[in-house]
Structures are given as C-alpha cells and as structure tokens.
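Okay, here's what each chain looks like letter by letter:
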Amino acid sequence: MSAEPILELRNVHSGYGTIKALKGVSLKVYPGEVVAIIGANGAGKSTTLMTICGIIAAEKGEVLYDGKKINKVSPEKLPIKGLCQVPEGRRIFPRLSVEENLILGAFHRKDQEGINKDIEYMYSLFPILGERCKQHGGTLSGGEQQMLAIARALMTQPKVLLLDEPSLGLAPIIIQQIFDIIKDINEKNGTTILLVEQNANLALQAATRGYVLETGEITLEDKADALLHNPEIRKAYLGE
Amino acid sequence: MEYFIQQLINGLTLGGVYALIALGYTMVYGVIQLINFAHGEFFAAGGYMGVIVLSYFAGLGYMETHPVFCLTASFALSMAFCAYLAIGVEKIAYKPLRKESRLAALLSALGMSIFLSNGLMLTQGVYDKAYPSELFQGGLSFGLVTVSYLQMLIVCLTGALLVGLNILVFKTKIGMAMRATAQDKTMSALVSISSNRIISLTFAIGAGLAAAAGIMVGLYYGSVRYDMGFVPGIKAFAAAVLGGIGNITGAMVGGLIIGMVEIFGAGYLSGEYKDVFAFIILIAVLYFKPTGIMGENIDDTRV
Ligand SMILES: Nc1ncnc2c1ncn2[C@@H]1O[C@H](COP(=O)(O)OP(=O)(O)O)[C@@H](O)[C@H]1O
Ligand SMILES: [Mg+2]
C-alpha cells in the first residue's frame, strides 16, 4: 500500500436540505485498492458517492482526490481528472443507442482513434453490447444495462471508479459475471475501486478493505477478510 | 387546381417559418422543461436586426452590387445577435430559478417576454419598419402558379436549416450530449457534460433559428413591428405542442401543419379567421392528445 491515499474523505457532512444524510464520514482509499462500503438501505452510501462526485455539496469537511481538495470543483470536471462513478440504478441514457452511451463516456476525450479502439475493446469485454450497439439503452435488460454502465464509465479512462450497488436487482449468475469484470478492471488496468453494496458478502469478497456505514457515520473499518469473519458483521449484514 | 397548388406553396413557406420558431420552444422544453414565453421576442429581434443590417448595406449601395453578401451577412449577424441575447436571457431570468418550481421560471419567462418586447419598442419605435424592397422582385410562373424568388429562398433556406439542425442534434457528439442532458442531467455531469453549456447552446440554437425566421417574415411581408413576435410565437408554440413538445421532428411537422391549415383555412373558409385556426388546433390537441402527434410514440426524435 502506497503512502498517499488517492481518495480521502475528512469529516464530511452532507444531505438534502434539512435531512442530514452524512454526519462526519472519514475514509481513505489507496491507489490500486478495492475498498467496499457496506451498510443497510438508507445508511448514506449513495450520498457518500454523490458527495465525492460533487453532485451533492459537502456542507462540512473535505474531499481530497490525488492530494487536492475537490469540494468546490464542478462535477463535470472530475471524470477528466480520472474520477468516475457508475451510479445506483445504472442511469443509462434510455433514448440514446448503446454506442452513443459509450461515446458519451468519452465525451471529454479528443483521441478519436483511441475512442474507437476502446469501444471495440468494450464490445470484446461485453459481446452482448456489440450485438445491441444500435439499440436504445432503455431497451436493454438490467444486467445488460449494468454492463453498459460499467463500459461507459471505463470509456472515461478512470483512475478511480466508484460503483454504487452493481448487484442490485440482478440474477446471481449475472452478478458473478459483473464482479469478475470488476476484479479484472482492478487487476489488469490497475484501476482503484470504491464499491458500495448492500450485499455485504459479495462486496467483502471482492474487496481488500471495507468500511461499515450506519445512518451517516462510519462505525467500523477493517480488512475485508476480518470484516467477513467479524461475528457482529455476520449477524447484522450477512444474515446469521 | 392551380389555386390549390398556389396555396400549397404559400402554406409550405409559412409552415417552414413556424417550424423554425417551433424548434426553439421544443428544444428548450426538451432540455429544461420550460416553456420559454420570451421565444417569440427572439423572432422579432431577429427581424429587426435583419432590417437594420440590410438598410445599412442598402445605404452604402451594396444591395445592388453584392446582394448575396448582404443577405448572408444580415442572416449571420442577426442569428448570432439573437443567440447571444438568448444566452443572456437564460442566465439572467431562468438559471437562478432552475432549482425553484417550474411556475417560477414560467412567470419569469412571461416577464422576460414583456421586457424584451418593450425594449424593442423603446429602441426601435412603435411604427412598422420597412425592409429594403429592391430584393427579390419577380418570380417564376408555371401556368397560373407563381412562385416568387423570395418564396424559393425562404423554402430552400428553411429546408437547409432544418436539415442542418437534424444533423447537429442526431449525428454529432454535441447533439448527443444535448439529448443526454435532456434525459438525465446528473448522469450527464458524471460523464463530464456541462449542463450549463448545453443549456446555453440550446437557447442559442433556438433563438438563432427564430431570428432567421424573423428576417424571412420581414422580407416576405416587407416590414417588421416591435410586437410581431406575439402571434407567430403562439402559433409556433401550438405547432410544438401539436408535434409533441420536446420532439424535434414533431416541431417541424407541427409547424408545416399549422402553416398549411392557416393558409388553406384562409383561402377556402375565411381570411378573417386565419389566426384562429392555430388556436383551435392547440386546444384540440391539448384536449384529445396532450402528448402531441409524435409525443411519446416515435421517441427517437425527442431531444
Ligand atoms: N433526494 C433525496 N431527498 C431527500 N432525502 C434523501 C434523498 N436521497 C436520499 N435521501 C435520504 O438520505 C439518506 C441516505 O440515503 P442514501 O445515501 O440513498 O442511502 P443508501 O444509498 O445507503 O441506501 C436516507 O435517509 C434517505 O432517505
Ligand atoms: Mg443507495
């Protein structure tokens, strides 16, 4: 583990008007890691990712990326710096074709040749997307949309990829496929991954470290293995 | 029969103009769900900019020697002026209200419309301003049907603008970004699309097209007036609703239908009621099919 975190939250507070969703979240993600945030529905996981990306303003505290404070950076600048999110519910542009969705992932890029090559690479990674390339994104199945969402995010050439509940609503076999690909992205491309999941078992198996988020606060932080074997975690999040 | 064909050509001319204006309503609605009631004013301002530029050139005597240059310059300057005007209007009157209720922005749009039309009246006067008339005398006759050179110009230019817009929105990366912004602004930001810039661009394009329509109408009828934006504005709005607001092809088709209905209604039914037909259509659409003829069926061409 290298000395400097690539992504760090320091005592971050944020929310929706009077609703305080995050009450002082601190966490660190080091280059090359897969870090999981687990927590129940409504704990503030999505809010954490949206606050990192600047979609929701941090009311207090700091978000640091690559050593620099990014609280005041407008959200559309962050993918250019290599910080990218696959949001909850995938948010495919429904009336854009699969290919157009991918092209927009590369919206800030100017290297047309590289973009074309990357699109072909995505089609080799996810052959079903190649078959459906002219189809509207909204007509894909949930699993296909999740693949497209990940592929679209990869088109931005992320250094840090934030994934919000990639398993949500998918069949077990598809989930396995998606998680294999996430692992590949981390191992082959060296992309750092911050993964948010309700499915703690799945997330902790994929991750190197994990944080437990409860009603807007981090209550526990440990190696993923240790969390998997922690009796309290097993009771609260793994249904034992 | 000749009368019918003649009316068809007149309807095409007028319908094209409505289509150009309607696109501004529909694109802005598609991207920020606002009915920009000030849009008709861009049409009027465009007509004025056109007459100002053309009169200036006419005074220099360029109109006889370089007519194509004069026309091109008047369109270009007027469209650019209105594009920037619209960007300014959006920043001042709509952007600060983006997080507020839609009613707030709607009222702001109404206020902007009154403000702009009064601005035109104060700076340009209350009387009609005549377009230089030496241009486009005459036309081609096919038996009893006459197509004036001006009509040809209007139809061709309108066609070119409509085709150009379609290419921009459906074939280019920036058009893709525009459609993406219309569909999901948060996700667009997450792929580094700046919604502020896309919204500005949308206003600019809409106002530019309306400005072109303003010059065409000024040339066609020979003059402009400070309040000329009101009635065509509402008719074009009717056209946008008829086509399914937010739908680009819909606005084009809606504009043509409204233009045709108006010309044929005036020709075969009653000339005095020509302004009424568009409103009858508007009310009928809102009553029977509020999503418009292309609203949510042919969803390809929504912004
Ligand atoms: N758009 C919103 N408006 C108001 N409250 C919200 C909104 N989104 C989430 N919340 C609230 O913020 C808290 C955290 O939500 P969220 O971050 O979505 O949780 P998680 O992703 O862990 O399920 C919850 O109490 C939720 O009800
Ligand atoms: Mg969530």
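All values reported here derive from a predicted model rather than from experimental measurement.

So, how was this worked out
Residues numbered from 1 in each chain as written. Chains lettered and ligands numbered in written order. Predicted model: local features only at pLDDT ≥ 70, side-chain atom pairs only at ≥ 80, totals over all residues. Heavy atoms only, no water. Helix = DSSP H or I, 4+ residues; strand = E, 2+ residues; numbered from the N terminus. Rg over C-alpha atoms; globule rule 2.2 N^0.38 Å. Buried < 20%, exposed > 50% of the residue type's maximum accessible area, 1.4 Å probe, protein only. Contact = heavy atoms within 4.5 Å. Areas by Shrake-Rupley, 256 points an atom, 1.4 Å probe, with all protein chains shown as cover. Pairing = 2+ DSSP bridges. Right-handed = clockwise from strand over helix to strand, strands pointing away. Near = heavy atom within 4 Å. Polar contact = N/O pair within 3.5 Å; in protein donor to acceptor, adjacent residues only side chain to side chain. UniProt positions renumbered as here; feature names shortened; annotations may be inferred. Axes fitted to C-alpha atoms, helices over the stretch in contact; angles between N-to-C directions. Left-handed = near helix turned anticlockwise from the far one by under 90°. Nonpolar A, V, L, I, M, F, W, Y, C, P; charged D, E, K, R; others polar. Donors = N, O, S within 2.8 Å, 3.2 Å for Na, K, Ca; no water. Salt bridge = Lys/Arg side-chain N within 4 Å of Asp/Glu carboxyl O. Buried area = accessible area lost by both parts, 1.4 Å probe.

Visitor: With reference to specific residues and values, describe the overall build of chain B.
Guide: Looking only at helices and strands, chain B features 12 helices and 4 strands. What you see for chain B is a C-alpha radius of gyration of 19 Å, in line with the 19 Å of a compact globule of 303 residues. Here the C-alpha coordinates of chain B stretch approximately 55 × 45 × 35 Å along the principal axes. Residue burial in chain B is summarised as follows: out of 303 residues, 53% are buried. Sequence-distant contacts, at least 24 apart, represent 78% of the contacts inside chain B between residues at least 6 apart. On chain B, roughly 13100 Å² of surface is accessible, and the fraction owed to carbon and sulfur atoms is 69%.

Visitor: Report on the pairing of strand 7 (residues 160-164) of chain A, specifying residues and quantitative values.
Guide: The side chains of a regular strand alternate, first on one face of the sheet and then on the other. Residue and element names in this part refer to chain A. A large share of strand 7 lies buried, amounting to 5 of its 5 residues. Of the two faces of strand 7, the one carrying V160, L162 and D164 and the one carrying L161 and L163 are both buried. As paired strands, strand 6 (residues 83-86) and strand 7 are joined by 4 bridges and run parallel to one another. Within strand 7, the residue paired with Q85 across the bridge is L162. Note: strand 7 against strand 8 (residues 192-197), 5 bridges, orientation parallel. Across the sheet, V160 pairs through a bridge with T192, a residue of strand 8. Note that the unit made of strand 7, helix 7 (residues 172-189) and strand 8 has a crossover that is right-handed.

Visitor: Requested: an account of the site of ligand 1, with residues and values cited.
Guide: Residue and element names in this part refer to chain A. Around ligand 1, the neighbouring residues are Y16, I19, A21, A40, N41, G42, A43, G44, K45, S46, T47 and E88. Here an oxygen atom of ligand 1 sits 2.9 Å away from a polar atom, N or O, in the main chain of G44. Contact between ligand 1 and K45: an oxygen atom at 2.8 Å from a main-chain N or O atom of the residue.

Visitor: Can you lay out the side chain of S97 of chain A for me, pointing to particular residues and giving the numbers?
Guide: The residue S97 of chain A is located in the loop between strand 6 and helix 3 (98-105) in this model. Contact partners of S97 of chain A, with chain neighbours within four places excluded, come to C133, K134, Q135, H136 and G137 of chain A.

Visitor: Which residues make up the UniProt feature "transmembrane region" (unreviewed entry) in chain B, and what values go with them?
Guide: Residue and element names in this part refer to chain B. Within this structure's numbering, the places UniProt gives as "transmembrane region" (unreviewed entry) are residues 12-35, 42-60, 66-87, 103-127, 147-169, 198-221, 236-264 and 276-295. The span residues 42-60 carries 100% helix and 0% strand; its end-to-end C-alpha distance comes to 27 Å. In the segment residues 66-87, helix accounts for 95% and strand for 0%; the C-alpha atoms at its two ends are 32 Å apart.

Visitor: Give a description of the packing of helix 10 (residues 230-243) of chain B against helix 12 (residues 276-288) of chain B that names residues and reports values.
Guide: Residue and element names in this part refer to chain B. Contact pair helix 10 / helix 12: the axes reach a minimum separation of 9 Å and the direction vectors enclose 35 degrees. The crossing of helix 10 and helix 12 is left-handed. Residue-level inspection shows I234, K235, F237, A238, V241 and L242 of helix 10 in contact with helix 12, the latter providing A278, F279, I281, L282, V285 and L286. A breakdown of the residues in the contact of helix 10 with helix 12 according to their chemical character gives 11 nonpolar, no polar and 1 charged.

Visitor: Describe in detail the coordination of the magnesium ion (ligand 2), supporting the description with residues and values.
Guide: All names here are of chain A. At the metal site, the magnesium ion (ligand 2) is ligated by S46 (OG) and E88 (OE), and these contacts range over 2.0 Å. Separated by 42 residues along the polypeptide, S46 in helix 1 (residues 45-52) and E88 in the loop between strand 6 and helix 3 bring together distant segments of the chain. The class of E88 is partly exposed, set by a relative accessible area of 36%.

Visitor: If you had to explain the sheet that holds strand 9 (residues 209-214) of chain A to someone new, which residues and values would you point to?
Guide: All names here are of chain A. With mixed pairing, the 6 strands of this open sheet are ordered in space as 6-7-8-3-9-10. With one partner strand each, in any of the chains shown, strand 6 and strand 10 (217-223) form the two edges of the open sheet. Neighbour to neighbour, the strand axes of the sheet diverge by 15 degrees on average, direction disregarded. The sheet contacts of helix 6 (residues 142-155) involve strand 6 and strand 7, and relative to strand 6 the element is tilted by about 170 degrees.

Visitor: Describe the pattern of salt bridges, listing the residues and the values that go with them.
Guide: It is possible for side chains of opposite charge to pair when their charged atoms get near one another. Within the structure shown, the criterion is met by 21 salt bridges over all chains. D66 of chain A is the partner of K159 of chain A in a salt bridge, and the nearest nitrogen-oxygen pair spans 3.6 Å. Residue K159 of chain A is located in the loop between helix 6 and strand 7, and its partner D66 of chain A is located in the loop between strand 4 (60-65) and strand 5 (68-69); the two are separated by 93 residues in the primary sequence. We classify K159 of chain A as partly exposed; its relative accessible area is 42%. Of the charged contacts in the structure, one is a salt bridge between K274 of chain B and D275 of chain B, with a shortest N-O distance of 3.4 Å. According to the relative accessible area criterion, K274 of chain B is partly exposed, its value standing at 35%. Among the charged side chains, a salt-bridge network with shared partners connects K235, E262, K274 and D275 of chain B.

Visitor: So what's going on with the interface of chain A and chain B? Which residues, and what values?
Guide: Each side of the interface is counted separately: chain A has 27 residues, and chain B has 22 residues. Summing both partners gives a buried area of about 2200 Å² for chain A against chain B, and 65% of it is carried by carbon and sulfur. Of all residues in chain A, the largest losses of buried area upon contact with chain B belong to F93, R95 and F107 of chain A, amounting jointly to 32% of the total for that side. Taken together, the connections running from chain A to chain B amount to 2 salt bridges.

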